[in-house]
Amino acid sequence: MFENINSLPADPILGLNSVFNQDRHPDKINLTVGVYQDSNGATPIFSAVKKAERSLLSEQESKAYLHQSGSAKFVKHIPSLLLGDDLVQQLDARLETVMTPGGSGALHLGAKLVSMSSRSARIWVSDPTWGNHYPLLQSSGLHVETYSYYDAELKGVNFARMMESLSQIPEGDAVLLHGCCHNPTGADLTKPQCDELIELMSKRNLLPFIDIAYQGFGKGLEEDAYLTRLAARTLPEVIIASSCSKSFGVYRERVGAISIITENEKQTAAAQTHVFSAARCSYSMPPYHGGGTIGRLLDDENLKLEWQTELEKIRCEMIETRSELSKGLNAAQNKVDFSFLNNSSGMFCYLGISREQVLKLRSEYGIYLLENGRINVAGISKKNLPVMIDRMSRVIGLT
Ligand code: LMR
């Protein structure tokens with residue numbers, strides 16, 4: 001059967017991370033995959049998560065199958081985190097949330113739902129977007145097209161062009177929006193821009209499919225949910241794919257959620273059966289441990305507060321790192337103003353360097369970033385920052 005099988009190219013993010021692990025360069029720096037690292041290069045478990053996990057393990061009495069929705073506490077609390085208590089109450093049975101294996105699982109189920117329900121089975125993603133959006137959404141049955149987003153000259157969102165682009169797409173199509181901390185650029189919309197965007201989507205009957213994977217990493221838990229809440233409050237139909245990987249640091253546990261909002265209770269209940277069916281055709285029901293842990297954490301006010309404090313510390317650290325990087329690069333040369341780095345939000349940003357320069361950083365100095373120039377800001381520490389600044393200045397010919 002497999003005599004003619006060919007290998008596929010490695011995943012551009014995960015594959016690069018593996019190459020990094022094998023690199024023997026003494027000063028190597030990993031800025032590839034989006035994982036938080038502290039100043040020692042470690043990815044510690046949040047203490048609130050550890051406590052919730054211990055309590056879950058000590059009290060768990062059965063390993064019987066879970067309901068397809070997932071942990072009851074998880075699906076009770078995640079909507080409030082995303083949307084706030086009042087909106088959740090207001091939406092009532094128009095909203096249903098299902099636990100998924102990671103944010104990718106949520107994207108897959110959401111895409112399946114769209115492909116089963118929409119005539120065009122088309123989704124528009126920002127240019128650029130997370131590289132895995134393409135294969136993931138396509139393999140879930142959707143045609144993927146792009147709308148304008150980032151402008152390399154402006155080093156930010158070209159909002160006028162984005163709106164122009166979205167005003168051209170066929171009514172009724174789905175549009176993938178990054179809830180916050182745009183991956184890969186770190187360039188987010190302002191609140192007034194979100195307002196305008198949602199107004200346009202409402203007028204043109206476009207379905208927002210929101211991917212929110214970095215809540216709490218940008219401006220704060222509440223602020224980062226602005227676009228998601230606005231869409232959920234204003235529009236009749238919204239799909240939200242959320243991830244707990246980063247905000248709770250539970251990457252390997254694979255915890256996410258798909259939240260569906262439709263015009264009425266009946267449609268939401270029907271949509272949920274399609275989500276269950278799509279899950280049943282692949283993994284049946286979500287794994288319990290990670291979601292069960294997060295559900296417990298969010299159900300306990302003290303643990304929740306502890307988690308929020310830990311998350312806030314990480315957020316502030318990333319802001320400081322950006323500022324140190326931009327200050328350091330500006331001090332090392334006077335040809336390019338790197339202050340623009342401070343305008344990006346969350347874990348990622350574009351350095352604005354060429355592919356050749358990216359490859360040179362990798363081959364000569366063991367500094368790994370994605371070929372599009374994306375860095376994981378959390379991969380930079382006080383220890384490796386001076387090396388990073390020095391090597392970058394050399395490679396881009398500024399010193
Ligand atoms: C990333 O973009 O680095 C993260 O979302 C991790 C992943 O799965 O690609």
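Keep in mind the model is a prediction, meaning the values are calculated, not measured. In this numbering scheme, every chain counts its residues from 1 along its sequence in written order. Two thresholds apply to this predicted model, a pLDDT of at least 70 for residue-level local features and 80 or more for giving and counting side-chain atom pairs, whereas whole-chain, interface and lining totals are computed over all residues. Remark: hydrogens and water are excluded; side-chain values derive from all non-hydrogen atoms of the structure.

On to the site of the ligand. Near the ligand the following residues occur: Ile13, Val33, Gly34, Trp130, Asn183, Tyr214, Lys246, Phe348 and Arg374. We call two N or O atoms a polar contact when they sit within 3.5 Å, provided that within protein one can donate a hydrogen and the other can accept it, with sequence-adjacent residues counted only if both atoms are side-chain atoms. Between the ligand and Trp130, the relevant distance is 3.0 Å, taken from an oxygen atom to a side-chain nitrogen or oxygen of the residue. At 3.0 Å, a side-chain N or O of Asn183 approaches an oxygen atom of the ligand. Note on areas: these come from Shrake-Rupley sampling with a 1.4 Å probe, and a residue is covered only by the protein chains present in the view. Here the ligand loses 82% of its free accessible area of 260 Å² to cover by the protein chains. A cavity here means a set of points on a 1 Å grid, drawn over the protein atoms and nothing else, where a 1.4 Å probe fits but cannot get out; a pocket is an open set with protein on both sides within 12 Å along at least five of seven lines, and a residue lines either one if it has an atom within 4 Å of a point. The way we define it, a molecule is inside a pocket or cavity when more than half of its atoms are within 2 Å of that pocket's grid points. Placement of the ligand is best described as lying within the largest pocket. Source of the domain bounds: an automatic or database domain assignment. Among the domains, domain 1 (14–44 + 316–398) and domain 2 (65–299) are the pair contributing at least three residues each to the shell around the ligand. Proximity criterion: a residue is near a molecule or strand once any of its heavy atoms comes within 4 Å of it.

Next up on the list: the sheet that holds strand 8 (residues 207–212). What the 7 strands build is an open sheet, ordered 2-10-9-8-7-3-4; its pairing is mixed. The open sheet has two free edges, formed respectively by strand 2 (95–100) and strand 4 (143–148), since each of these has just one partner strand. Ignoring strand direction, the axes of neighbouring strands in this sheet form an average angle of 25°. Throughout, a contact is declared for two residues whenever any of their heavy atoms are within 4.5 Å. To get an axis, fit a line to the C-alpha atoms, keeping to the stretch in contact for a helix; angles then go from 0 to 180 degrees between the N-to-C directions. What counts as a helix is a DSSP run of H or I of at least four residues, what counts as a strand is a run of E of at least two, and both are numbered from the N terminus. Taken strand by strand, helix 5 (residues 102–117) contacts strand 2, strand 7 (174–178), strand 8, strand 9 (238–243) and strand 10 (256–261), and its axis lies near 160° from that of strand 9. The rule for pairing is simple: two strands pair if DSSP sees at least two bridges between them.

Turning next to helix 7 (residues 159–168). Residues spaced three or four apart along an α-helix face the same direction, because each turn holds 3.6 residues. Listed as buried for helix 7 are Phe159, Met162, Met163, Ser165 and Leu166. Taken around the axis of helix 7, the buried residues stretch over an arc of 160°, which confines them to a single face. Seen from the open side of helix 7, the exposed residues pointing more than 90 degrees away from its buried face are Ala160 and Gln168. As for helix 7, its buried residues are in contact with strand 4, strand 6 (156–157), strand 7 and helix 8 (191–203). Three exposure classes are used, based on accessible area relative to the maximum for each residue type with a 1.4 Å probe and protein chains only: buried under 20%, partly exposed in between, and exposed over 50%. This arc is built from the directions going out from the helix axis to the C-beta atoms.

Here we come to the packing of helix 2 (residues 47–59) against helix 12 (residues 301–332). Two elements in contact, helix 2 and helix 12, have axes separated by 8 Å at closest approach and are oriented at 150°. Comparing the axis directions of helix 2 and helix 12 gives the class roughly antiparallel. Taking contact as the criterion, the partners of Ser47, Ala48, Lys51 and Ala52 in helix 2 are, on helix 12, Leu303, Glu306, Trp307 and Glu310. Each residue gets one label: Ala, Val, Leu, Ile, Met, Phe, Trp, Tyr, Cys and Pro are nonpolar, Asp, Glu, Lys and Arg are charged, and the others, such as Gly, are polar. Here the contact of helix 2 with helix 12 is composed, by residue class, of 4 nonpolar, 1 polar and 3 charged. Should an angle fall under 35 degrees it is called roughly parallel, over 145 degrees roughly antiparallel, and 65 to 115 degrees roughly perpendicular, with every other angle called oblique.

Attention now moves to the packing of helix 2 against helix 11 (residues 289–299). Relative to each other, helix 2 and helix 11 sit at 110°, their axes nearing to 8 Å. Here helix 2 lies roughly perpendicular to helix 11, going by the angle between them. Two secondary-structure elements touch here, helix 2 through Ala48, Val49, Ala52, Glu53, Ser55, Leu56, Leu57 and Glu59 and helix 11 through His289, Gly292, Thr293, Arg296 and Leu297. The residue inventory of the contact of helix 2 with helix 11, partitioned by class, reads 6 nonpolar, 4 polar and 3 charged.

Attention now goes to the packing of aromatic side chains. Each Phe, Tyr or Trp ring (for Trp, its six-membered ring) is paired with any other whose centre lies within 6.5 Å, and the angle between the two planes then decides the class: stacked below 30 degrees, edge-to-face above 60, tilted in between. Under the definition given, this model contains 6 aromatic pairs. Arranged with centres 5.2 Å apart and planes meeting at 85°, the rings of Tyr150 and Tyr350 form a pair that is edge-to-face. One end of the pair, Tyr150, is in strand 5 (residues 150–151); the other, Tyr350, is in strand 11 (residues 348–350), with 200 residues separating them in the sequence. Tyr350 matches Tyr150 in its accessibility class, with the two residues each being buried. Measuring from centroid to centroid gives 5.6 Å for Tyr214 and Phe348, while their planes differ by 80°, and the two rings are edge-to-face. On the criterion of sequence distance, the pair formed by Tyr214 in the loop between strand 8 and helix 9 (226–234) and Phe348 in strand 11 is long-range, its members being 134 residues apart. Whether a charge sits over a ring depends on NZ of Lys or CZ of Arg being within 6 Å of the ring centre and within 35 degrees of the ring normal. The residue whose ring lies beneath Lys28 is Phe20, and the NZ or CZ to ring-centre distance is 4.4 Å.

The topology assignment puts Thr185 in the loop between strand 7 and helix 8. In terms of polar contacts, Thr185 uses its side chain to reach the side chain of His182, at 2.7 Å. A distance of 3.0 Å separates the side chain of Thr185 from the backbone nitrogen of Ala187, its partner in a polar contact. If we skip the residues at most four places from it in the chain, Thr185 touches Pro128, Tyr149, Tyr150, Ser344, Phe348, Cys349 and Tyr350.

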